[in-house]
Amino acid sequence: MKDPAARSEEAVKSEPDTEQHYDAFISYSHSWDNAVAAAFQSELQSMARPWYRWRTLRIFRDVTNLSASPGLWPDIERALAQARWLIVMASPQAARSVWVRKEIQWWLEHRSADKILIAWTDGRLAWDEELGTFDWESTDALPEKELSGAFGHQPRWVDLRWLHAPEQVDRADPRMVECVADFAAPIRGMSKEELIGEHVRQRRRTMRWVRGTVAALTVLLLAAVTGGVTALVQRGAAVHRELQASSRQLVASAQEVEDTQPGLAKQLLVEAYRLDPSGQAMGALLGSAAIPRVIATGGVPVGAAFSPHRDLLAAAVGRGVTLYDSTDSRVLARLTAPRGVAPGLAFSPDDRLLAVGDRAGDLRLYDVTSAARPTLLVSANTGGSSVRCLAFTPDSRSLVVGLDDALAEVFDVSHPRTPRRIAVFAQSAQSVDGLSISPDGRLLAMGGERDSVGLWDLSEPRRPAIVARLTGSPDALAFSPDGHLLAVGGQDDAVRLWDVTDPAHARQDASISGQPLSVCSLAFSHDGATLAVGSSGGDIQLWSASDPLHPAPGARLTGHTSPIAQLAFSRDDRTLASASTDGTPSAPDGGDNGSVRLWNVDGPSLSSAQTALASVASSVPAFSRTGDILATGFPTTLWDTSGQRPRSLTTLGMFGQGGQAVSFSPDGGTIATGSPVVMWDVRDPAHPHDLTPGNQVSAYAASVVFNPAGSLLAVGGTSVQLWDVRDRHRPTRLATLKDATSRGQDVAFRRDGRILATRDHAGAVQLWDVGSAAEPVLRASFKPARSMVTALAFSSDGRTLITGSTGGTVATWDVREVDHPRQLAAPTGHVGEVGGIAYDPRAPLAASGGADGSMLLWDMSDPTHPAVLAKLAAGDSYVAASLAFSPNGAELAAAGASKVQIWDIRTADILQRLCAQSPVISPDQWRQYLPQMAYDPPCAR
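Calculation criteria
Residues numbered from 1 in each chain as written. Predicted model: local features only at pLDDT ≥ 70, side-chain atom pairs only at ≥ 80, totals over all residues. Heavy atoms only, no water. Helix = DSSP H or I, 4+ residues; strand = E, 2+ residues; numbered from the N terminus. Contact = heavy atoms within 4.5 Å. Areas by Shrake-Rupley, 256 points an atom, 1.4 Å probe, with all protein chains shown as cover. Expected span 1.5 Å × (residues − 1). Bend = angle between axes of the 7 residues up to and from the residue. Buried < 20%, exposed > 50% of the residue type's maximum accessible area, 1.4 Å probe, protein only. Disulfide = S-S within 2.5 Å. Axes fitted to C-alpha atoms, helices over the stretch in contact; angles between N-to-C directions. Parallel < 35°, antiparallel > 145°, perpendicular 65-115°, else oblique. Left-handed = near helix turned anticlockwise from the far one by under 90°. Nonpolar A, V, L, I, M, F, W, Y, C, P; charged D, E, K, R; others polar. Pairing = 2+ DSSP bridges. Salt bridge = Lys/Arg side-chain N within 4 Å of Asp/Glu carboxyl O. pLDDT = per-residue confidence, 0-100. Phe/Tyr/Trp six-rings, centres within 6.5 Å; stacked < 30°, edge-to-face > 60°. Core = buried A, V, L, I, M, F, W, Y, C linked by side-chain atoms within 4.5 Å.

Points about the overall build of the protein chain
Item 1. Check the secondary structure of the protein chain and you find 13 helices and 65 strands.
Item 2. In the protein chain, once contacts between residues fewer than 6 apart in sequence are set aside, the share between residues at least 24 apart is 51%.
Item 3. Summed over all atoms, the accessible surface of the protein chain reaches about 39,700 Å², with 50% contributed by carbon and sulfur.

Now the structure itself:
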């Protein structure tokens, strides 16, 4: 590779001899930065502009500068050749954009990398000083292929991630002036300070000229201006209302088709947000993870199985098996089976082998240690007419194969290249319809009899012996993970739960009925708490199996229109895969098509959360300053949440083994809890250091909150205490607030740190002046009518207090006058008590969790009319739990009765995910849902 400086010099010399009409060319992603790019272009062209000039810079942006043309690239290439600078609006969407990458490639071939300016709008950027290039493992906002090694030194980039929408553009905002000046200064050949000074001077001149002109023309133009402005305002309001109405209609349409056409529903949500990035569209985006992912298999899927230890999914389809990365549905490998795969396939418990049967009676064993490069180890003939089902023993040494001619065979696969048939035994029916092996490997359940299931002793695989026969239609079988239960389902529309602890005297514990049409597939979650039941009609019913004597129905998953061939839970039980023969009318080979759906589940419920952490204590979740570290659970554990899956770093030793509230200091370097207060240095979160070894926590902390300066700590439990923590090694108790108590999320500092909100024993809010923390003063006390306050939080600007109550209301209070708080609104959002309230530090958004198991998101842009944006599928109880937004506004964590759930609330990530999980909306679909607008698919670029 050439030296970057040499490349730059060579590029300059090879510039086309074209007159340069543009000062800069903006390269950006239409799907993400369209509106922001337009606003930024306007500000850039107006920087330091005299009042009598239209603009100071000529900036090319393809939407504004290109006319309709059959050849788009030649026009863009011509514009690039006429530009002096290239501005790249860096984001993950831009890094994947074919057009952005092509524009960068052209620039590096014909211009210098020194003439590239980077506007960072989303994603991650990181420079590696040692290598002298970007750290591509930590950078996703720029295309690696085009820019790797392109810069001879660290390029300057400007952080525009705070600029999410054009309405945030304010020419008086110092951030806006600073950012625009960072770009305009090099383009105009001026220093930044000189340019800003000129900008201020020109702005003052313009204001003087405007005042004089307005004064002179006011009388003459009053009538005309009044009429014109009124018409303009009315027209703008009408356009805005029209876009809002279209956005709401798209959200409603998405909800109508999310079961039958999940991909289309996701495309409609992205377009709804593009039309109106607020209100219902925002709420629908945050709940969109509950919409299933669909894998179009291109044939009839007859089986699906998850790897026991990896994010790997195998789908048996038509004439082969496809291996997918289950996190993003990428195809990793395809395995062919010329004579057609059979319904069953299975991973070995040690995760090394994949067993696949075919319709000609052959058994194939693959080494899948490398999922991208699986190896066929052997193809052995079973002697049967067709393989019906497969199951490994828990030690991965034996494989049981059910055949179409009522035979079952046991193979020794301890040497998988040379499997040996060690046993053959027969059912009296015509075929083996189902197999399941108990987790201890001692019991085999086999279906095939008309109305019974055979239980076989498999403790000696060479000599299987019948133990008992259970009544029930045997089309689907599944052992619970503890081996005590066997679920049996079939054509009688019922699922029977058998206690097989003593197989010779098995007893039926319960019968689950009401499944539409016959039962054709069953699967237990790995924790045994959930049973999934698939029907021949395409519906999937989730059941809570925690109490096998009284199974309780959960969510019904609809959308498949054909029988469910197989069900499988992922290793973390967060994803349920369902294979069905529905899909598009025909496959490329002329046969039927099908699909595999991946459902985001949490126990027997659908979930819109991206992650769940096991936690038996509902303590307040606490995020670090950067949002990458989460402290929660029982015992209190520090989790790294920056990756795709949270990673446990360490556990903190606490009073009662943890499970109580903790809080990060505003700088993120310290964690505090308890009474007396104990503190840890967590700058290295994997190795926390005890700062107060002499202190021993003796009282449970229900809430722990730092003031914004990090100098004062409020600790709540049976009482609420104030602690001076300026010296991290010697926290000092200053005061105990009279009659104040806490049970969770009911202690909060206002943003200025002077006012503290608490709750008293009667459920009333207390507002304390803690300017003198040693002598706090109660300024006000109030409560909602006919209920008690259970949770509270300040808005990010400190003007509004949001409270939850025992009556299910989420009330807003104007607390600008601390001595005279005034209730603004009190809508009822929950059935029963509100357990937690949190306010997003970056947006007018609040979250509430209730005892009814619901998680609500509230639009707080108008605190006099708070509106529910979305009801997030959560599946947990939030009676005494708490919620927390990360300080960067990227995530929402909710600690419930049995787990901590985490939602990704970054709209950029959600839009990217929805686009990646769905095909681009077709012109016909666009005309159906947006007939008044020209075809402009949101995920096209």
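Points about helix α2 (residues 30-46)
Since the α-helix advances by 3.6 residues per turn, residues separated by three or four positions end up pointing in the same direction.
Item 1. Here α2 is 17 residues long and its end C-alpha atoms lie 23 Å apart, about the 24 Å a rise of 1.5 Å per residue gives.
Item 2. A maximum bend of about 35 degrees is found in α2 at Val-36.
Item 3. Every buried residue of α2 is listed here: Trp-32, Asp-33, Val-36, Ala-37, Ala-39, Phe-40, Gln-41, Glu-43, Leu-44, Gln-45 and Ser-46.

A look at the state of the cysteines
Item 1. All chains considered together, the criterion is met by 1 disulfide.
Item 2. Covalent S-S linkage joins Cys-915 and Cys-939, the inter-sulfur distance amounting to 2.0 Å. Across the S-S bond of Cys-915 and Cys-939 the torsion is about -70 degrees, and the bridge reads as left-handed. A residue pair is termed long-range when its members are at least 10 positions apart, and Cys-915 in helix α12 (residues 907-916) and Cys-939 in the segment after α13 (923-929) qualify at 24 residues.
Item 3. Given a relative accessible area of 16%, Cys-939 falls into the buried group.

Describing the packing of helix α11 (residues 279-286) against α12
Angle between the axes and distance between the axes are the two parameters that describe a pair of packed helices.
Item 1. In the contact formed by α11 and α12, the axes pass within 10 Å of each other and the chain directions differ by 70 degrees. Relative to α12, α11 is oriented roughly perpendicular. α11 and α12 meet at a crossing whose hand is left-handed. Only Thr-907, Ile-910, Leu-911, Arg-913 and Leu-914 of α12 make contact with α11, whose side of the interface consists of Met-282, Leu-285 and Leu-286.
Item 2. Residue composition of the contact of α11 with α12, grouped by class: 6 nonpolar, 1 polar and 1 charged.

Here we look at the sheet that holds strand β27 (residues 495-499)
Item 1. As summarised here, the arrangement of the 4 strands in space is β25-β26-β27-β28, forming an open sheet in which the pairing is antiparallel. With partners counted over all chains shown, the strands left at the sheet margins are β25 (476-479) and β28 (507-512), one partner each. Strand-to-strand twist of the sheet, defined as the mean angle between neighbouring strand axes without regard to direction, takes the value 20 degrees.
Item 2. Of the strand pairs in this sheet, β25 and strand β26 (residues 485-489) are connected by 4 bridges, and their pairing is antiparallel. Considered in β26, the bridge of Phe-479 is made with Leu-486.

A look at the pattern of salt bridges
Item 1. In the structure shown here, the tally under the stated rule is 37 salt bridges.
Item 2. A salt bridge links Asp-325 to Arg-330; the shortest N-O distance between them is 2.9 Å.
Item 3. For Asp-819, the salt bridge goes to Arg-779, with nearest N and O atoms at 2.7 Å. In this pair, Asp-819 sits in the loop between β57 (810-814) and β58 (822-825) while Arg-779 sits in strand β54 (residues 777-782), placing the two residues 40 residues apart along the sequence.
Item 4. Given a relative accessible area of 29%, Arg-779 falls into the partly exposed group.
Item 5. One salt-bridge network, held together by shared partners, links Asp-311, Arg-571, Asp-572 and Arg-645.

Thoughts on the pairing of strand β1 (residues 22-27)
Item 1. The buried count for β1 comes to 6 of 6 residues, which makes it a mostly enclosed element.
Item 2. Bridging between β1 and strand β3 (residues 83-90) involves 5 bridges; their strand directions are parallel. Residue pairing across strands places Ile-26 opposite Ile-87, the latter belonging to β3.
Item 3. The sheet contact formed by β1 and strand β2 (residues 59-60) spans 2 bridges and is parallel.

With respect to the confidence of the model for the protein chain
Item 1. This prediction gives the protein chain a mean pLDDT of 84; 86% of its residues lie at or above 70.
Item 2. When mean pLDDT is taken per element in the protein chain, strand β53 (residues 765-769) scores highest with 97 and helix α1 (residues 4-13) scores lowest with 38.
Item 3. This stretch, residues 65-70, has a pLDDT under 50; its non-local contacts, to residues over four places away or in other chains, come to 9 contacts.
Item 4. A low-confidence stretch, residues 585-592 stays under pLDDT 50, and its non-local contacts, those more than four residues away or across chains, total 12 contacts.

Here's the deal with the packing of aromatic side chains
Item 1. Evaluated as defined, the whole model comprises 13 aromatic pairs.
Item 2. Seen in terms of ring centroids, Phe-40 and Phe-183 are 5.1 Å apart; in terms of plane orientation they differ by 80 degrees. Their pairing is edge-to-face. Note that Phe-40 is positioned in helix α2 and Phe-183 in helix α8 (residues 174-188), a separation of 143 residues in sequence. Both residues of the pair, Phe-40 and Phe-183, count as buried.

Structural notes on the sheet that holds strand β64 (residues 891-895)
Item 1. If you walk across this open sheet you meet the 4 strands as β37-β65-β64-β63, and the pairing is antiparallel. Two strands in the sheet have a free side with no partner beyond their single neighbour: β37 (611-614) and β63 (882-885). If you compare each strand with its neighbour and ignore which way they point, the axes differ by 15 degrees on average.
Item 2. As paired strands, β63 and β64 are joined by 4 bridges and run antiparallel to one another. Pairing of Ser-882 across the sheet is with Ala-895, part of β64.

Observations regarding the nonpolar core
Item 1. Core analysis: the biggest nonpolar cluster contains 43 residues, and Leu-268, Leu-269, Leu-286, Leu-857, Leu-872, Leu-892 and Trp-903 have the highest contact counts within it.
Item 2. Among the elements that make up this core, the one with the highest residue count is helix α10 (residues 262-275) (8 residues).
Item 3. Counting 32 residues, the second largest nonpolar core, distinct from the first, contains Tyr-22, Ala-90, Trp-106 and Ile-118.

Focus on the environment of Lys-738
Item 1. Inspection of the secondary structure puts Lys-738 in the loop between β49 (732-737) and β50 (740-741).
Item 2. Using a relative accessible area of 69% as the deciding quantity, one classes Lys-738 as exposed.
Item 3. Considered as a pair, Lys-738 and Val-777 are 39 residues apart in the sequence and their alpha carbons are 9.9 Å apart.
Item 4. For Lys-738, the residues in contact, after removing those within four places along its chain, are Gln-766 and Trp-768.

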